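Here's the letter readout for the chains.
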Amino acid sequence: MPTLRNRIDGSDYEIVRNAPMFRTLEADCMDHLIATSTVKSFERGSILFLQGEPADAFYIVLEGWLKVFRMRETGEEFVIEIFSRAESVAEAAVFASGEYPASCEAVDNCRVLRIPGDRLLQLIRETPEVGIAMLASTSRHLHTLVREIEEIRGMSSTQRVAQFLLSLGMPRNGSMVVRMPFEKNLIANRLAMTPYSLSRAFSRLKDFGVKVDQSKALISNVAALRALVAQDARERD
């Protein structure tokens, strides 16, 4: 069961402030919106909501990772997107006053801010700029997805994995250790790769100073990994 806390602390507030949908809002509008929100902690594997349930709330990720997925008729899980810190989940479903079009699961121990949907709709009616901010956020998210697709198409599988590893830490020159927040098959799904291609990519990254040990990756030469990501893809693999 998730644990509840009625108030967010200062660091949480800064994360929420940096969420794309809140960046253009006046502080008092955001404060009004989150006044009745709660912070919840979920263990890995916990379900936040299921496809078809009433969309009565949306979430801002404070720590950890969430996946949004749908189940195919064959029973196979199809991962739509992975969300991490400062990203909002399911606000569009709330905005449409409908049902969740997909399910959401914690793929890592995580903390989220749960914002009631009726609070959002009330604020949109009272302050139209909130609705405009949401539309702008949705537009930016769409452009980001398009850009990511273009970048992926121009990268080899090894470059994609290298970029993913660098995104998990605060890369500086030298070395670093990063924790991979979810299973390798989910990493492959996120990077539009097969599990076999992911394994090949990890093997090739050994030549660039990367050693994978279960859920951790030791990067002995961050500069070399950055240089690999910056290269033009020589081949598709």
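Residues numbered from 1 in each chain as written. Predicted model: local features only at pLDDT ≥ 70, side-chain atom pairs only at ≥ 80, totals over all residues. Heavy atoms only, no water.

A. Summary view of the sheet that holds strand 6 (residues 77-83). What the 4 strands build is an open sheet, ordered 3-8-5-6; its pairing is antiparallel. The sheet terminates laterally at strand 3 (47-49) and strand 6, the two strands that pair on one side only. Each neighbouring strand pair of the sheet contributes to a mean axis angle of 30°, computed without reference to strand direction. Sheet analysis places strand 3 next to strand 8 (residues 103-106), joined by 2 bridges and oriented antiparallel. Bridge assignment links Ile-47 to a residue of strand 8, and that residue is Glu-105. (Pairing = 2+ DSSP bridges. Helix = DSSP H or I, 4+ residues; strand = E, 2+ residues; numbered from the N terminus. Axes fitted to C-alpha atoms, helices over the stretch in contact; angles between N-to-C directions.)

B. Expanded view of the layout of surface pockets. If you add up the space inside the second largest pocket, you get close to 200 Å³. Along the wall of the second largest pocket there are 13 residues; nearest its centre are Lys-67, Glu-77, Glu-183, Asn-185 and Leu-186. Of all elements in the fold, only strand 6, strand 8 and helix 7 (184-190) reach the threshold of two or more residues within the lining of the second largest pocket. Top element by residues in the lining of the second largest pocket is helix 7. It accounts for 3 residues. When its residues are assigned to classes, the lining of the second largest pocket shows 5 nonpolar, 3 polar and 5 charged. (1 Å grid on protein atoms, 1.4 Å probe; cavity = no way out; pocket = protein on both sides within 12 Å on 5 of 7 lines; lining within 4 Å. Points joined across faces, edges and corners; volume = space filled by probe spheres on them. Nonpolar A, V, L, I, M, F, W, Y, C, P; charged D, E, K, R; others polar.)

C. Region of interest: the pattern of salt bridges. The tally for this structure, following the rule as stated, stands at 8 salt bridges. Here Arg-44 ties to Glu-183 by a salt bridge, and the two come within 3.0 Å at their closest N and O atoms. Of this pair, Arg-44 sits in the loop between strand 2 (38-42) and strand 3 while Glu-183 sits in the loop between strand 10 (176-179) and helix 7, placing them 139 residues apart in sequence. Exposure remark for Glu-183: the relative accessible area of 46% places this residue in the partly exposed category. Residue Arg-114 pairs with Asp-56 through a salt bridge whose shortest N-O separation is 3.5 Å. Of this pair, Arg-114 sits in strand 9 (residues 110-116) while Asp-56 sits in the loop between strand 3 and strand 4 (57-63), and the two are 58 residues apart along the sequence. When its relative accessible area of 44% is taken as the criterion, Asp-56 is described as partly exposed. (Salt bridge = Lys/Arg side-chain N within 4 Å of Asp/Glu carboxyl O. Buried < 20%, exposed > 50% of the residue type's maximum accessible area, 1.4 Å probe, protein only.)

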